[in-house]
Amino acid sequence: MNPQYETLRPLKGASLGTLSTITPDQLDALLTLASEVKANPDPYRQCLKDKSFALVFEKHSTRTRVSFEVGVHELGGNPIFLSRNEIQLGRGEPIEDTAMVLSRYVQGIVLRTYGQERFDAMAGASTIPVINALTDQFHPCQVLADLQTIREHRGALAGKTLTWIGDGNNMAHSLMLGCALSGMHFRAASPDGYLCNPDVVQTAETIAANTGATLRLMTDPQGAVDGCDVVVTDVFTSMGQEDEQAKRLQAFEGYQVNEALMNRAQSDALFLHCLPAHRGEEVTAEVIDGRWSVVWDEAENRLHAQKALMLALMGAL
Ligand code: CP
Ligand code: NVA
């Protein structure tokens, strides 16, 4: 075993609700392991043998659902997909009761839900690891894949500059924490009223103080992108905000990632987007389908990054 993975041992039995609960060394080890299971999957095929994972989803999903189902299966385990509408949770059974019952049947839970407090309730009542597969506040699994992708394309993360354009949403929060942990400089340009949550910024600042990362939040997309190494965006309207769509389309005018904006970044800058994307809204086709874009590698890496995470949380290394 790679001695770097020793740092993952304390994660055995833990849940992952947000990246601020892991250390910079653990993040680094998870990214190394993710690339290793990608390059060499065979030694890991029985690691979750006889273990079942419940995938509880209260929102839509393509990537997260499929990458977890396939990932559990490829590690020798049994994924059980449970859509909110098909289980008693959707008829009002408390999430804590659901957690206690599932803990008697399966060895891990993957939860996609609304408020982070719902994730915390599930994780608090479970006796098994619970993984955040997206809440309104955070999307840690996506950011593991994003950082893996940047590292695979551009090498060491520390010292690079990542610019977020758009809503101060779940992706922005998790990317800010991921950058802080990995010593990357994080800039975000969001319209007034849509900036990142100050509590998350405070947490990221505390982490950054020990890693050399810096954080800058602003409203000017051009200034934020100037000379950066990576540009990332996401939809203007996240799941659960559908009623605000018209208002948001107006508020985010000028925050589209297009060729003119990308030309202000480094000439070899990467473009990432967690997907699903809306071409012509937050990003143009020339960017997401153009030379900067690594979005398909990014989507693929969900599979590998989550395998690494499950191996660590299950103590299966
Ligand atoms: N990026 C992401 O989480 O995609 P899904 O909503 O399709 O799972
Ligand atoms: N911010 C988006 C991410 C989707 C993967 C949402 O929450 O809908």
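Counting restarts for each chain, with residues numbered from 1 along the sequence as it is written. To read the labels, note that chains go from A and ligands from 1, taken in the order they are written. Whole-chain, interface and lining totals are the exception, using all residues; otherwise, since this is a predicted model, local features are given only for residues with pLDDT of at least 70 and side-chain atom pairs are given and counted only at 80 or more. Working from all heavy atoms in the structure, the side-chain values ignore hydrogens and water.

*Asks:* Tell me about the sheet that holds strand β7 (residues 215-218), residues and numbers included.
*Replies:* Two strands are said to pair when DSSP picks up at least two bridges between them. Per the convention used, a helix needs a DSSP run of H or I reaching at least four residues, while a strand needs a run of E reaching at least two, with both numbered from the N terminus. Read across the open sheet, the five strands follow the order β7-β6-β5-β8-β9; overall the sheet is parallel. Strands with a single pairing partner mark the edges of an open sheet, and in this sheet they are β7 and β9 (270-273). Within the sheet, the average angular offset between the axes of one strand and its neighbour, ignoring direction, is 20 degrees. The sheet contact formed by strand β5 (residues 161-165) and strand β6 (residues 185-189) spans five bridges and is parallel. Across the sheet, residue Thr 161 finds its bridge partner in β6, namely His 185. In the packing of helix α5 (residues 140-154) onto the sheet, contacts are made with β5, β8 (230-233) and β9, and the angle to β9 comes to roughly 160 degrees. To get an axis, fit a line to the C-alpha atoms, keeping to the stretch in contact for a helix; angles then go from 0 to 180 degrees between the N-to-C directions. By the convention used here, residues are in contact when the closest approach between their heavy atoms is within 4.5 Å.

*Asks:* Could you give an account of the site of ligand 1, naming the residues involved and the relevant values?
*Replies:* Taken together, Ser 61, Thr 62, Arg 63, Thr 64, Arg 112, His 139, Gln 142, Cys 274, Leu 275 and Arg 302 make up the full set of residues near ligand 1. Arg 63 places a side-chain nitrogen or oxygen 2.8 Å from an oxygen atom of ligand 1. Any pair of nitrogen or oxygen atoms within 3.5 Å is treated as a polar contact; in protein, a donor-acceptor pairing is required on top of that, and neighbouring residues in sequence qualify only through side-chain atoms on both sides. Thr 64 places a polar side-chain atom, nitrogen or oxygen, 2.6 Å from an oxygen atom of ligand 1. Coverage of ligand 1 by the protein amounts to 96% of the 260 Å² it exposes when considered alone. Grouping the constituent residues of the shell around ligand 1 by class yields two nonpolar, five polar and three charged. Each residue is tested against the molecule or strand, and it is near if at least one of its non-hydrogen atoms lies within 4 Å. Computed with a 1.4 Å probe, the accessible areas rest on the Shrake-Rupley method; for each residue, only the protein chains presented here act as cover. Residues are grouped as follows: nonpolar covers Ala, Val, Leu, Ile, Met, Phe, Trp, Tyr, Cys and Pro; charged covers Asp, Glu, Lys and Arg; every other residue, Gly included, is treated as polar.

*Asks:* Describe the site of ligand 2, with residues and values.
*Replies:* Within the structure, ligand 2 sits among Leu 134, Asn 169, Asn 170, Asp 234, Ser 238, Met 239, Cys 274 and Leu 275. Here Asn 169 contributes a side-chain N or O atom positioned 3.4 Å from a nitrogen atom of ligand 2. Within the side chain of Ser 238, an N or O atom sits 2.7 Å from a nitrogen atom of ligand 2. Contact with the protein chains removes 94% of the 270 Å² of surface that ligand 2 exposes when unbound.

*Asks:* Would you mind going over α5 in detail, with residue names and values included?
*Replies:* Think of an α-helix as 3.6 residues a turn; residues three or four steps apart then line up on the same face. Taking 1.5 Å of rise per residue, 15 residues should cover 21 Å, and α5 covers 21 Å from first to last C-alpha, within 8% of that figure. Per-residue accessibility, obtained with a 1.4 Å probe over protein chains only, is compared with the maximum for each type, and a residue is labelled buried under 20%, exposed over 50%, and partly exposed between these values. Judged by how many residues are buried, α5 sits mostly within the fold: eleven of 15 residues are covered. Looking at α5, one finds that the buried residues are Pro 140, Cys 141, Gln 142, Val 143, Leu 144, Ala 145, Asp 146, Leu 147, Gln 148, Thr 149 and Ile 150. An expected span of 1.5 Å times one less than the residue number is assigned to each helix.

*Asks:* Tell me about the pattern of salt bridges, and name the residues and values.
*Replies:* Salt bridge criterion: a side-chain nitrogen from Lys or Arg within 4 Å of a carboxyl oxygen from Asp or Glu. Tallying each qualifying case throughout the model produces 15 salt bridges. Where Arg 9 meets Glu 6, a salt bridge forms, and the shortest distance between an N and an O atom there is 3.4 Å. Note on Arg 9: relative accessible area 45%, which makes it partly exposed. Classification of Glu 6 as partly exposed rests on a relative accessible area of 43%. With its nearest N and O atoms 2.6 Å apart, the salt bridge here joins Lys 59 to Asp 136. Taken together, the residues span a long stretch of sequence, with Lys 59 in the loop between β1 (52-57) and α2 (63-74) and Asp 136 in the loop between β4 (130-132) and α5 at a distance of 77 residues. A network of salt bridges, in which partner residues are shared, links Glu 58, Arg 84 and Arg 118.

*Asks:* Which residues make up the state of the cysteines, and what values do they have?
*Replies:* Pairs of cysteine sulfur atoms within 2.5 Å are identified as disulfides in what follows. For the structure on display, the rule yields zero disulfides. With no disulfide of its own, Cys 196 lies 11 Å from the sulfur of Cys 179, the closest cysteine sulfur. Among the residues examined, Cys 196 registers a relative accessible area of 6% and is labelled buried. The thiol sulfur of Cys 274 is not disulfide-bonded, and the nearest other cysteine sulfur, from Cys 141, lies at 12 Å.

*Asks:* Describe the sheet that holds β4, with residues and values.
*Replies:* Spatially, the four strands line up as an open sheet ordered β2-β1-β3-β4, and their pairing is parallel. In this open sheet, the two edge strands, each paired with only one partner strand, are β2 (78-83) and β4. Going across the sheet, the axis of each strand differs from the next one's by a mean of 20 degrees, ignoring polarity. Taken together, the six bridges between β1 and β2 define a ladder with parallel strand orientation. Bridging across to β2, Phe 57 finds its partner in Ser 83. Sheet contacts for helix α4 (residues 116-125): β1, β3 (108-112) and β4; angle to β4, the most-contacted strand, approximately 165 degrees.

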